[in-house]
Amino acid sequence: MKWKKYTLKTTVEAEDLISSMMMEAGIQGIEIEDKVPLTEQEKQQMFVDILPELPGENDGQAYISFYLEPEENQEEMLERVRQGLQEISQYCDVGEGSIQASETEDKDWINNWKEYFHQFYVDDILIKPSWEQVQPGDEDKLLIQIDPGTAFGTGMHETTQLCIRQLRKYLTSETELLDVGTGSGILSIISLKLGARHAVGTDLDPCAIEAVRENMEVNGISPEQFTVMIGNIIDDPQVQDQVGYEKYHIVVANILAEVLVPLTPVILGQLKPGGIYITSGIIDDKEETVVQAVHAAGLRVLEITYQGEWVSVTAQKPQKS
């Protein structure tokens, strides 16, 4: 089945009003493309591996795409959009306001991403999705099964692998781990499989709860071993209190450099004296920014490791004198 795709050319100023109008008209799927830079607040809320790069400078234009099923009355819906656009134009610059039509193949939007995720190795650790089988010769590897779903990364990214290697180097059977921006839970699950005692994960996305639960179950991790909390540990005292103070041997944060800067002084309170702070998600030209933030928080840099253009900074909280 082919879907009809319509793309409306408008302005950044009008994109929110037009999107709301479309949803009120009964359009459910909307995509917005513009070149508006992310605000500092938005960057701090993006607990992800890679900050999206915008193509060029903001030119004030926006493109709003929406999809209609073939059996829908196309002209009736388009007329609703045009009328809504006319009303909005009375008090807001809607720009060109042109609508281009095209066709797109029907896709399984929920499962289509799976074709891009295959098993991979981090040294002698085998990380695979549930729909692939263990290959002959891999039986002796430490098996981690992760189904990241549509909301979180797969673990294949260099930053995740940098964190895995650093975690393996520093964790022990006594390790209490705090995983900031846990996502699919991959770093905590691997740490627990390697022998860590307990893990706590925080994330901004409520979808992390279900993603982690499913990945815990398939890897034989009990609920007593891994706790997930939703909220922003950087600026939410309730989350900070719930996580606890000076109780973690290791804090790992595989997130953006722009988030690591405000996170680092906060996380100092969660680390035990002598605790290890493992960071990644750092593109190479942001290395010095993160190192400066680590020093400013009173932590001592132990080592800096690299993979491709990505960087991991590992530091330690001083022991109490």
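Refer to the structure above for everything that follows.
Everything numeric in this text was worked out from a predicted model, so none of it was measured.

Asks: Let's hear about the overall build of the protein: which residues, and what values?
Replies: When helices and strands are counted, the protein shows nine helices and 14 strands. Among the 321 residues that make up the protein, the fraction classed as buried is 46%. Taking all contacts inside the protein whose residues are at least 6 apart in sequence as the whole, residues at least 24 apart take part in 69%.

Asks: I'd like to hear about the sheet that holds strand S13 (residues 300-307), residue by residue, with values.
Replies: Spatially, seven strands are ordered S10-S9-S8-S11-S12-S14-S13 in an open sheet, and the strand pairing comes out mixed. A single partner strand is all that each edge strand has here, and the edge strands are strand S10 (226-230) and S13. Across this sheet, the average inter-strand angle for adjacent strands is 15 degrees, counted without regard to direction. Taken together, the six bridges between strand S11 (residues 248-254) and strand S12 (residues 271-283) define a ladder with parallel strand orientation.

Asks: I'd like a rundown of the packing of helix H1 (residues 15-25) against helix H3 (residues 74-88), residues and numbers included.
Replies: What describes two packed helices is the angle between their axes and the distance between those same axes. Axis separation between H1 and H3 bottoms out at 10 Å; the angle between their running directions is 145 degrees. As for how H1 packs across H3, the hand of that crossing is right-handed. Contacts from Leu17, Ile18, Met21, Met22 and Ala25 of H1 reach H3 at Met77, Arg80, Val81, Gly84, Leu85 and Ile88. Split into classes, the residues belonging to the contact of H1 with H3 amount to nine nonpolar, one polar and one charged.

Asks: How would you sum up the pairing of strand S8 (residues 176-180)? Please name residues and give values.
Replies: In terms of burial, S8 is largely enclosed, as five of its five residues are buried. What you see with S8 is no split at all: Glu176, Leu178 and Val180 on one side and Leu177 and Asp179 on the other are buried throughout. In terms of strand pairing, S8 meets strand S9 (residues 198-203) through five bridges, oriented parallel. Among the inter-strand pairings, Val180 is bridged to a residue of S9, identified as Thr202. Read as a crossover between parallel neighbours, the route from S8 over helix H5 (residues 186-193) to S9 is right-handed. Direction of pairing for S8 relative to S11: parallel, over a ladder of four bridges. In the strand pairing of S11, Val180 is matched with Ala253.

Asks: Give me the lowdown on the sheet that holds strand S6 (residues 125-128), citing residues and values where you can.
Replies: The strand order S5-S6-S7 describes an open sheet built from three strands, whose pairing is mixed. Two strands close off the open sheet at either side, each with one partner strand: strand S5 (120-122) and strand S7 (142-145). Taken pair by pair, the neighbouring strands of this sheet meet at an average axis angle of 30 degrees, ignoring direction. Against the sheet, helix H4 (residues 158-170) makes contact with S5 and S6, and its axis sits at roughly 40 degrees relative to S5, the strand it touches most.

Asks: Any chance you could break down the packing of H4 against H5 for me, citing the residues and the numbers?
Replies: Packing of H4 against H5 brings their axes to within 10 Å, and their N-to-C directions diverge by 25 degrees. Here H4 lies roughly parallel to H5, going by the angle between them. Every pair of crossing elements has a handedness; the one defined by H4 and H5 is right-handed. For the pair H4 and H5, contact is made by Thr160, Cys163, Ile164 and Leu167 and by Ile186, Leu187, Ile190 and Ser191, respectively.

Asks: Which residues make up the environment of Lys286, and what values go with them?
Replies: For Lys286, the position within the fold is in the loop between S12 and helix H9 (287-296). Remark: the alpha-carbon pair of Lys286 and Val311, spanning 25 residues in sequence, is separated by 8.6 Å. The contact partners of Lys286, leaving out residues within four places of it in the chain, are Ala257 and Glu258.

Asks: How would you explain helix H8 (residues 257-267) if you had to name every residue and give the values?
Replies: Among the 11 residues of H8, eight are classified as buried, and the element is accordingly described as predominantly covered. For H8, the set of buried residues is Ala257, Glu258, Val259, Leu260, Leu263, Thr264, Val266 and Ile267.

Asks: Any details on the nonpolar core? Residues and values, ideally.
Replies: Leu178, Val180, Leu263 and Tyr277 are the most contacted members of the largest nonpolar core, which totals 29 residues. Contributing elements (two or more residues each) for this core: S8, helix H7 (237-243), S11, H8, S12, H9 and strand S14 (310-316). By residue number, the principal contributor to this core is H8, which donates five residues. Dropping the residues within four chain positions of it, Leu263 is found in contact with Val180, Ile233, Ile234, Ala253, Ile255 and Tyr277. Counting residues in hydrophobic clusters, the runner-up holds 27 residues, among them Val122, Leu167, Leu177 and Ala196.

Asks: Account for the packing of aromatic side chains, with residues named and values stated.
Replies: The geometry of an aromatic ring pair is captured by the separation of the ring centres together with the interplanar angle, meaning the angle of the planes. Applying the stated criterion across every chain yields a total of one aromatic pair. Considering the side-chain rings of Tyr6 and Phe66, the 5.5 Å spacing of their centres and the 25 degrees angle between planes classify their relative orientation as stacked. With Tyr6 in strand S1 (residues 2-11) and Phe66 in strand S3 (residues 61-68), the pair connects residues that are 60 residues apart, well separated along the chain. Classification of Tyr6 as buried rests on a relative accessible area of 6%.

Asks: Before we move on, can you summarise the pattern of salt bridges with the specific residues and values?
Replies: According to the stated counting rule, one finds 13 salt bridges in the structure shown. Glu76 is the partner of Arg80 in a salt bridge, and the nearest nitrogen-oxygen pair spans 2.9 Å. Residue Arg80 and its partner Glu76 are both found in helix H3; the two are separated by four residues, about one turn of the helix. We classify Glu76 as partly exposed; its relative accessible area is 40%. Where salt bridges share partners, they join Glu210, Arg213 and Glu217 into one cluster.

Rules behind the numbers
Residues numbered from 1 in each chain as written. Predicted model: local features only at pLDDT ≥ 70, side-chain atom pairs only at ≥ 80, totals over all residues. Heavy atoms only, no water. Helix = DSSP H or I, 4+ residues; strand = E, 2+ residues; numbered from the N terminus. Buried < 20%, exposed > 50% of the residue type's maximum accessible area, 1.4 Å probe, protein only. Contact = heavy atoms within 4.5 Å. Pairing = 2+ DSSP bridges. Axes fitted to C-alpha atoms, helices over the stretch in contact; angles between N-to-C directions. Left-handed = near helix turned anticlockwise from the far one by under 90°. Nonpolar A, V, L, I, M, F, W, Y, C, P; charged D, E, K, R; others polar. Right-handed = clockwise from strand over helix to strand, strands pointing away. Parallel < 35°, antiparallel > 145°, perpendicular 65-115°, else oblique. Core = buried A, V, L, I, M, F, W, Y, C linked by side-chain atoms within 4.5 Å. Phe/Tyr/Trp six-rings, centres within 6.5 Å; stacked < 30°, edge-to-face > 60°. Salt bridge = Lys/Arg side-chain N within 4 Å of Asp/Glu carboxyl O.

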